[in-house]
Amino acid sequence: MVIGSGGREHAICWRLAQSTKVNEVVCVPGNGGTAQEDKCRNINPADCEYLDDIKGVQIYSQIATFEQVDFVIVGPENPLCDGVADAIWNCGIPVVGPKKDGAQLEASKDFSKKFMHKYGVACADSITVTTAEEAKKYIHEKGAPIVVKADGLAAGKGVVVAATEEQANAAIDDFMSNNKLGDAGQTIVLEEYLQGTEISVLAAVSVTPQTAQANTATIVPFMPSRDHKRLNDGAKGPNTGGMGAICPLEDVDDATMTLFYKNCMQPTLDGMIAEKWDYRGFIFFGVMLTKEGPKLLEYNVRLGDPETQAVLPLMDFDFAELGLAIIDKENNGALKKFAKITDENPAGTLAWKKGFICAPVAVSGGYPASYNKGYEITIDKKIVKECDAKVFIAGAQGSKKLLTSGGRVLACSALGSTFDEAWNNAYKAIKAVQFKDMFYRKDIGLPGAAESGEL
Ligand code: AMP
Ligand code: GLY
């Protein structure tokens, strides 16, 4: 069973369904993409009579129990931060996704910064404040540029990279005095501004108190990828949920990744072990490559969206087997074995297809502000296939006819033996997809397309 309804969840369902070990994938609630995928079935909780008086995360544990699923993968952060993994494990069903304690790494910026500082994870200097006076005093002392982060979950709207003291103070007013984000903005992290290029490292984690003691607890990184958060070409315009992703990255060398493993990933694993967490799931490292080396910007306790749509197509191993290795039913270090991790090779060796993925995202015209829904999507499947591409649906519903239902509508993930080939394939394929007012960036993966950290 897969929880979620975005493009990431479509990619997860598609990969799971390819496993010969998998009979059926149920997606709760799923979308128009998972509805059409082989071996996949959507479940809308509103259609389940047995859920009549059930609320919150219990909805998922009840569905998992009713459907007698073997295990669950949780896509988005909200249910994880609300304890969905705890609820499902309590019903005796294994979950890929951390329990509520580990999910604090994403639920609270203050918590995650304290964790980073405590365990020596390379990151920006920061302090946490709880009053506007304290915040403004610190901003004045440090000067701009400075980064203002709301503590709680804010769906990408909780971070302001302020070029001037005035902008930083305005963010404090918005978050703390005008209550723009509700409770999420009442505690603030003020952070040193880091300049560089950003990368996303998604990873599989299998840590329990037992495996920690046996020295088999582990984190296995996937190939690095990159999101493009701004709406328009050249990293211009408003922030979005992500306008496209690429994987792997030609501008990131092995030496940089080795530094990341040593200075960010290993101390994170050590911290999870020291906290005695049961963290079996995915983790997302948002990393700034600075002149002083890689520094961690944030953790997400799940796979990234749209990074997943660029990373999963390159996996040359069985995704369901990876899920089972993360769960590690026998508690004997299955993930460490699956990824062939040794002391000499701490990042392990997962099998990856050769080549590159470029995955531009098509959005509804007007997004991220208001937009219309309900437009029919047509896809020329022959051209998409010729381009070695796969369309992952995000905001669209329907099983026979696909109708747009969200801002980010779909990603067109194309493979190529070189990045240029992947890029050409992706943009040829996306032209074979049509809906009214469709918009997409034309420069995903090209120089200057991603945020540079420049102000
Ligand atoms: P976060 O949710 O913490 O990853 O922040 C969202 C985005 O804000 C990041 O992806 C970066 O583009 C930017 N950002 C966050 N922290 C910093 C920082 N310390 N210096 C520069 N940019 C940052
Ligand atoms: N692509 C960034 C995220 O998933 O949060």
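Our subject is the structure listed above.
To start, this report covers the structure provided alongside it. (Residues numbered from 1 in each chain as written. Chains lettered and ligands numbered in written order. Predicted model: local features only at pLDDT ≥ 70, side-chain atom pairs only at ≥ 80, totals over all residues. Heavy atoms only, no water.)

## Brief notes about the sheet that holds strand β7 (residues 146–150)
So, point 1. Taken in spatial order, the four strands of this open sheet run β6-β9-β7-β8, and their pairing is antiparallel. The sheet terminates laterally at β6 (126–129) and β8 (159–162), the two strands that pair on one side only. Pairs of neighbouring strands in the sheet enclose a mean axial angle of 20°, with direction left out of account.
So, point 2. Of the pairings in the sheet, the one linking β7 to strand β9 (residues 188–192) comprises five bridges and is antiparallel in character. When the sheet's bridge partners are listed, Lys149 is paired in β9 with Val189.
So, point 3. In the packing of helix α7 (residues 109–119) onto the sheet, the strands contacted are β6, β7, β8 and β9, and the crossing angle to β9 comes to about 45°.
So, point 4. In the packing of helix α9 (residues 165–177) onto the sheet, the strands contacted are β6, β7, β8 and β9, and the crossing angle to β7 comes to about 5°. (Pairing = 2+ DSSP bridges. Helix = DSSP H or I, 4+ residues; strand = E, 2+ residues; numbered from the N terminus. Axes fitted to C-alpha atoms, helices over the stretch in contact; angles between N-to-C directions. Contact = heavy atoms within 4.5 Å.)

## Quick word on the site of ligand 1
So, point 1. Ligand 1 sits among 14 residues. The nearest are Lys149, Glu191, Glu192, Leu194 and Glu198.
So, point 2. Calculation on ligand 1 without its partners gives an accessible area of 470 Å², and the protein chains cover 87% of this total.
So, point 3. Residue assignment for the shell around ligand 1 shows that the elements contributing at least two residues are β7, β8, β9 and β17 (293–300).
So, point 4. Classifying every residue of the shell around ligand 1 gives seven nonpolar, no polar and seven charged. (Near = heavy atom within 4 Å. Areas by Shrake-Rupley, 256 points an atom, 1.4 Å probe, with all protein chains shown as cover. Nonpolar A, V, L, I, M, F, W, Y, C, P; charged D, E, K, R; others polar.)

## Notes on the site of ligand 2
So, point 1. Lining the immediate surroundings of ligand 2 are Asp227, Phe284, Asn300, Arg302, Gly304, Asp305 and Glu307.
So, point 2. At 2.9 Å from an oxygen atom of ligand 2 is found a side-chain nitrogen or oxygen belonging to Arg302.
So, point 3. If ligand 2 stood free it would expose 200 Å²; the protein chains cover 86% of that surface.
So, point 4. For the shell around ligand 2, the per-class residue count stands at one nonpolar, two polar and four charged. (Polar contact = N/O pair within 3.5 Å; in protein donor to acceptor, adjacent residues only side chain to side chain.)

## A closer look at the environment of Glu330
So, point 1. Its location among the elements puts Glu330 in the loop between α13 (319–327) and α14 (334–338).
So, point 2. By relative accessible area, Glu330 is classed as exposed at 63%.
So, point 3. Residues Glu330 and Pro76 lie 254 residues apart in sequence; the distance between their C-alpha atoms is 27 Å. (Buried < 20%, exposed > 50% of the residue type's maximum accessible area, 1.4 Å probe, protein only.)

## Brief notes about the packing of helix α8 (residues 132–142) against α9
So, point 1. Look at α8 against α9: their axes get within 10 Å of each other, and the N-to-C directions meet at 165°. One element, α8, and the other, α9, form an angle in the roughly antiparallel class. Relative to α9, α8 is oriented so that their crossing is right-handed. Residue-level inspection shows Ala132, Ala135, Lys136, Ile139 and His140 of α8 in contact with α9, the latter providing Glu165, Ala168, Asn169, Ile172, Asp173, Met176 and Ser177. (Parallel < 35°, antiparallel > 145°, perpendicular 65-115°, else oblique. Left-handed = near helix turned anticlockwise from the far one by under 90°.)

## Description of the packing of aromatic side chains
So, point 1. The full count for this structure, using the stated rule, is 17 aromatic pairs.
So, point 2. With centroids separated by 5.9 Å and ring planes inclined at 70°, the aromatic side chains of Phe222 and Trp352 adopt a geometry described as edge-to-face. Taken as a pair, Phe222 in the loop between β11 (218–221) and β12 (226–227) and Trp352 in the loop between α14 and β18 (356–364) lie far apart in primary sequence, 130 residues in all. Both residues of the pair, Phe222 and Trp352, belong to the buried class.
So, point 3. Three or more aromatic residues joined by ring pairs form one cluster here, namely Phe111, Phe115, Tyr119, Phe260, Tyr261, Trp277, Phe285 and Tyr299. (Phe/Tyr/Trp six-rings, centres within 6.5 Å; stacked < 30°, edge-to-face > 60°.)

These results come straight from atomic positions and should not be treated as a statement about function.
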